[in-house]
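One letter stands for each residue in the lines below.
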Number of protein chains: 2
Amino acid sequence: MARPRMFDEERALDAAVRVFWERGYEATSTQDLCDATGLGRSSIYNTFQSKHALFERALARYLDTMTVTQTAVLDDMERPAADRVRALLALVVEGEAECREGSGRALGCLGVNTVVELAGRDPAAAALLERDTVRRLAAYRAVMEAGRRDGSITSSRDPEALARFLNATVAGLRVSSQGGAGPAELAAIAETAMDALTP
Amino acid sequence: MARPRMFDEERALDAAVRVFWERGYEATSTQDLCDATGLGRSSIYNTFQSKHALFERALARYLDTMTVTQTAVLDDMERPAADRVRALLALVVEGEAECREGSGRALGCLGVNTVVELAGRDPAAAALLERDTVRRLAAYRAVMEAGRRDGSITSSRDPEALARFLNATVAGLRVSSQGGAGPAELAAIAETAMDALTP
DNA sequence: CTTGTTTTGTATTGGTCGGTTCAAAACCTG
DNA sequence: CAGGTTTTGAACCGACCAATACAAAACAAG
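Residues numbered from 1 in each chain as written. Chains lettered and ligands numbered in written order. Predicted model: local features only at pLDDT ≥ 70, side-chain atom pairs only at ≥ 80, totals over all residues. Heavy atoms only, no water.

A. Representation of helix H2 (residues 30–37) of chain B within the structure. Taken as a whole, H2 of chain B has its buried residues at Thr30, Asp32, Leu33, Cys34 and Thr37 of chain B. Directly after H2 of chain B, the chain includes Gly38 of chain B, whose backbone phi takes a positive value near 80°. (Buried < 20%, exposed > 50% of the residue type's maximum accessible area, 1.4 Å probe, protein only. Helix = DSSP H or I, 4+ residues; strand = E, 2+ residues; numbered from the N terminus.)

B. Geometry of the pattern of salt bridges. Summed over all chains, the structure comprises 36 salt bridges over all chains. A salt bridge links Arg141 of chain A to Glu145 of chain A, with the shortest nitrogen-to-oxygen separation between them at 3.2 Å. Residue Arg141 of chain A and its partner Glu145 of chain A are both found in helix H7 (residues 123–150); the two are separated by four residues, about one turn of the helix. The exposure class assigned to Arg141 of chain A is partly exposed, which follows from its relative accessible area of 35%. A relative accessible area of 30% places Glu145 of chain A in the partly exposed class. For the salt bridge of Arg157 of chain B with Glu191 of chain A, the shortest nitrogen-to-oxygen distance reads 3.2 Å. In this pair, Arg157 of chain B is assigned in the loop between helix H7 (123–150) and helix H8 (159–178) and Glu191 of chain A in helix H9 (residues 183–197), connecting two distinct chains. Each of the salt bridges in this network shares a partner with another, and the network as a whole consists of Arg141, Glu145, Glu160 and Arg164 of chain A together with Glu185 of chain B. (Salt bridge = Lys/Arg side-chain N within 4 Å of Asp/Glu carboxyl O.)

C. Representation of the protein's contact with DNA strand C in the model. The environment of DNA strand C is formed by 23 residues, the closest being Thr30, Arg41 and Lys51 of chain A together with Met6 and Ser42 of chain B. Counted by atom, the contact set of DNA strand C within 4 Å of the protein is 64% sugar and phosphate. Separating a phosphate oxygen of DNA strand C from a side-chain N or O atom of Tyr45 of chain A is a distance of 2.9 Å. Arg5 of chain B has a polar side-chain atom sitting 3.3 Å from a phosphate oxygen of DNA strand C. It is helix H3 (residues 41–47) of chain B that provides the largest number of residues to the surface near DNA strand C, a total of four residues. When grouped by side-chain class, the residues that make up the surface near DNA strand C number eight nonpolar, nine polar and six charged. (Near = heavy atom within 4 Å. Polar contact = N/O pair within 3.5 Å; in protein donor to acceptor, adjacent residues only side chain to side chain. Nonpolar A, V, L, I, M, F, W, Y, C, P; charged D, E, K, R; others polar.)

What follows is the structure, given as structure tokens:
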């Protein structure tokens, strides 16, 4: 009944995630988004209503995929909980090393980046981030409780505190990566953090 | 021989630190800087050559004062090293709680904020940040070595790794704060981190 | 006072920002 | 092929950006 789209909306969204990830929200212009997605202005504003709305969708998409892969690792019931936490940290370390390829510079994590850049003055972004944090903290807490039961995680601190500590450690790893730390240093940080979690 | 300044350059710089701290680099306009410092455009561009040059001076000033107060705490030779580290973390936690007053929102740390926003594409800022990180890591490492000698810090990991872990913990605390964590949660994170540092 | 130098406020620069308008092009349905 | 609907590209919008030009004002030195 009408002319069909010449582009894949999800692909465009992925490209938007990438450019927001690389440059942040403020430093990304609508022209950057056009270049990265290959779409024209009209197509972008026709599909997503504004730069901000596009950012919200990009952020939500990023957070969702990130958290899903993280919780997938944490929910592998076969292994002891501490091993799963180790695997999560390895995932983070490896992810940081990975996105450093080519450009040479680390990108950190769009979630952490957005917390720092926008959480204080963008209610929509703050809401998305808080929702994701709650979700991730719940997963972290669950694995800490499992570890307390199977004995692989210390019971000298309550699971809530351990979960928050793990969350802070992940953020610390990502900032350290952007600050110039290499894979070896990140791995050392992760191992040291595990000392606080294991009995 | 000529007309004297009507403003104090250091005060203006402090005001610039504050506004860059609150909004970040990109989101701060020259008008914001005029409003915050009380200076006119000409005075700003006459004194500091550009927005970017002013930012460099503001960042350098912030990093210096921050690192000086941190190392002052760490160099208190009377107490065991572990206590000094605890005092440092308390300083960070308290600082985050403090800057949350009034506005309700945490500001994090201009250093961490800049690592995330600019380190990847602003060589000047990256250089300042790396210089500061090296300096801070040296101080952290020194206190870890002292702790190894006085027995208050674990000797099961080398001081370099412990220093990097402490650095990541500080960053993690600051991101957690911006992400909405309150003083109690931050304190719990700090305590848990100490578990990895003490024997 | 006058002279010389600096600071200061105002107006303005060219450029880019996010966003809109509009007509032509492209497609599906019948 | 024709009619109706959507997408698309390009020109365009006012607003704001960092930065500059310039002249009036304010001082110190003689």
